[in-house]
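What follows is each chain in one-letter form.
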Amino acid sequence: MPFTPSAINYAQQYARELANAYPYLSYFGDIWGSENSRRFRPVNAQTIMIPSMEVGGAHAVNRAAMNGQFTRKFNLTWEAKTMSMYREWDTILDEMDIVETNEVATIANITRTFNEFQKIPEMDAYMASKLGSFATAASHVDSTVLTAANILAKWDDALEAMTNARVNRDRVVCYVTPATYKLLKQAAGITRFIDIGNGIQGYDRNIAKLDGVRIVEVPSDLMQSAYDFTDGWAATTAAKQINWIFVDPLAIVAPVVYEVSMISAPSAATKGKNVYYESYYYDVFQLNQRTAGIQANIAS
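Bear in mind the structure is a predicted one, so any value in this text is a computation, not a measurement.

**Student:** Just to check I follow, could you spell out unusual backbone geometry for this structure?
**Tutor:** Where the residue is not glycine, phi is negative for most of them; where a peptide bond is considered, it is trans in most cases. With a phi close to 65°, Arg-166 is a non-glycine residue in the positive phi region. You can see Arg-166 is positioned in the loop between α6 (151-164) and β5 (173-176). A positive phi angle, near 55°, is found at Lys-271, a position not held by glycine. Positionally, Lys-271 belongs in the loop between β12 (256-264) and β13 (273-282). In this structure Lys-271 comes out as exposed when scored by relative accessible area, which is 71%.

Written out as structure tokens, the structure is:
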């Protein structure tokens with residue numbers, strides 16, 4: 001009987017390519033590609049199990065006796081998290097569109113544009129809104145209006161709270177809006193050293209790190225507290241501006257699972273058109289024992 005090739009599901013290959021792209025396309029690439037996001041995977045199509053462990057403390061050694069009795073000094077609980085962002089996208093492409101655009105309109109170019117201008121910005125917007133909600137739920141939100149005069153004091157307050165909660169500062173990343181980043185550069189008390197010993201210089205006023213915390217500047221439209229994801233992504237009318245978010249990436253789990261990514265070649269059923277379709281799950285969760293890993297400043 002004749003051989004009929006079937007459509008190939010490129011989901012796994014597509015997922016690997018996007019994982020490589022996150023650091024270049026996503027402002028929150030450190031979280032999407034973090035150790036936790038790779039470690040905790042769904043046990044079925046949409047549920048991940050996040051463990052929490054608690055242990056007892058040490059005690060003094062009794063050098064004069066050994067009773068031979070041992071007790072379990074740890075408890076392990078599992079929390080089921082259901083991924084809610086189940087998304088799909090599709091397009092058709094007529095062969096004549098490819099020819100008449102000199103192969104500019106191709107599935108590869110179309111999906112690349114979708115990733116750069118729709119999918120990954122949507123995921124970043126969702127990430128910021130979820131991080132803001134985690135900070136709000138843990139009462140780790142400050143709503144003080146930031147100024148050049150007070151921003152360093154508020155920065156110190158956030159880091160003090162995280163350090164007192166034993167959050168490793170070396171892991172912390174601070175995501176800031178351009179307006180907040182500008183205030184940091186103008187902050188009273190910031191000291192800069194500029195070398196002018198070699199004549200004309202190109203001065204770099206960027207602040208890549210402050211107090212050991214890496215700073216990532218994120219467009220303000222991706223730093224809102226609430227979005228409508230009905231068709232793409234758009235901030236809701238009730239959304240508040242998130243000015244900054246201090247995050248320990250290891251406090252967050254952000255799994256991304258690609259269910260389907262496939263292309264159907266032109267056929268009679270598609271009226272001679274190429275058909276592309278993809279569906280995927282993603283979500284953002286917080287580890288129960290690491291709620292101290294987020295501090296935020298959100299407009300009131």
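Moving on from the model shown.
**Student:** I tried to follow a nonpolar patch on the surface on my own but got confused; where do I start?
**Tutor:** Taken together, the side chains of Met-53, Val-55, Phe-74, Leu-76 and Trp-78 present a nonpolar region at the surface, about 520 Å² in accessible area. Looking at the nonpolar patch element by element, the count peaks at three residues for strand β2 (residues 74-82).

**Student:** Looking at this structure, how should I read the sheet that holds β13?
**Tutor:** One key point about sheets: their strands pair by backbone hydrogen bonds, in either a parallel or an antiparallel sense. Spatial ordering of the open sheet is given by β3-β13-β12, a layout of three strands whose pairing is antiparallel. The open sheet has two edge strands, β3 (85-94) and β12, and neither has a second partner. When strand polarity is set aside, the average angle formed by the axes of neighbouring strands in this sheet is 10°. When β3 meets β13, the two strands line up antiparallel, connected through 10 bridges. Bridge pairing links Trp-89 to Glu-278 in β13.

**Student:** Even after reading the chapter, I still don't get helix α7 (residues 178-186), so can you show me in this structure?
**Tutor:** Inspection of α7 places Thr-180, Tyr-181, Leu-183, Leu-184 and Lys-185 among the buried residues, and these make up the whole buried set. On the buried face of α7, the contacting elements are α6, β5, β6 (209-210), β7 (213-217) and β10 (242-247).

**Student:** Where do I start with the environment of Ile-252 in this structure?
**Tutor:** Tracing the sequence through the fold places Ile-252 in strand β11 (residues 252-253). With sequence-adjacent residues up to four places away left out, Ile-252 is seen in contact with Ile-31, Ser-34, Asn-36, Leu-131, Phe-134, Val-247, Val-284, Phe-285, Gln-286 and Ile-294.

**Student:** What is the right way to read the packing of α6 against α7 from this model?
**Tutor:** For any two helices packed against each other, the geometry is given by the interaxial angle and the distance between the axes. Direction vectors running N to C along α6 and α7 enclose 105°, while the axes themselves pass 9 Å from each other. Taken together, the axes of α6 and α7 lie roughly perpendicular to each other. For the pair α6 and α7, the contacting residues are Ile-151, Leu-152 and Trp-155 in the first and Thr-180, Leu-183 and Leu-184 in the second. Its residues placed into classes, the contact of α6 with α7 shows five nonpolar, one polar and no charged.

Parameters and conventions
- Residues numbered from 1 in each chain as written.
- Predicted model: local features only at pLDDT ≥ 70, side-chain atom pairs only at ≥ 80, totals over all residues.
- Heavy atoms only, no water.
- Helix = DSSP H or I, 4+ residues; strand = E, 2+ residues; numbered from the N terminus.
- Buried < 20%, exposed > 50% of the residue type's maximum accessible area, 1.4 Å probe, protein only.
- Patch = residues over 30% accessible without salt bridge, like charges linked within 9 Å, V, L, I, M, F, W, Y side chains within 5 Å.
- Areas by Shrake-Rupley, 256 points an atom, 1.4 Å probe, with all protein chains shown as cover.
- Salt bridge = Lys/Arg side-chain N within 4 Å of Asp/Glu carboxyl O.
- Pairing = 2+ DSSP bridges.
- Axes fitted to C-alpha atoms, helices over the stretch in contact; angles between N-to-C directions.
- Contact = heavy atoms within 4.5 Å.
- Parallel < 35°, antiparallel > 145°, perpendicular 65-115°, else oblique.
- Nonpolar A, V, L, I, M, F, W, Y, C, P; charged D, E, K, R; others polar.

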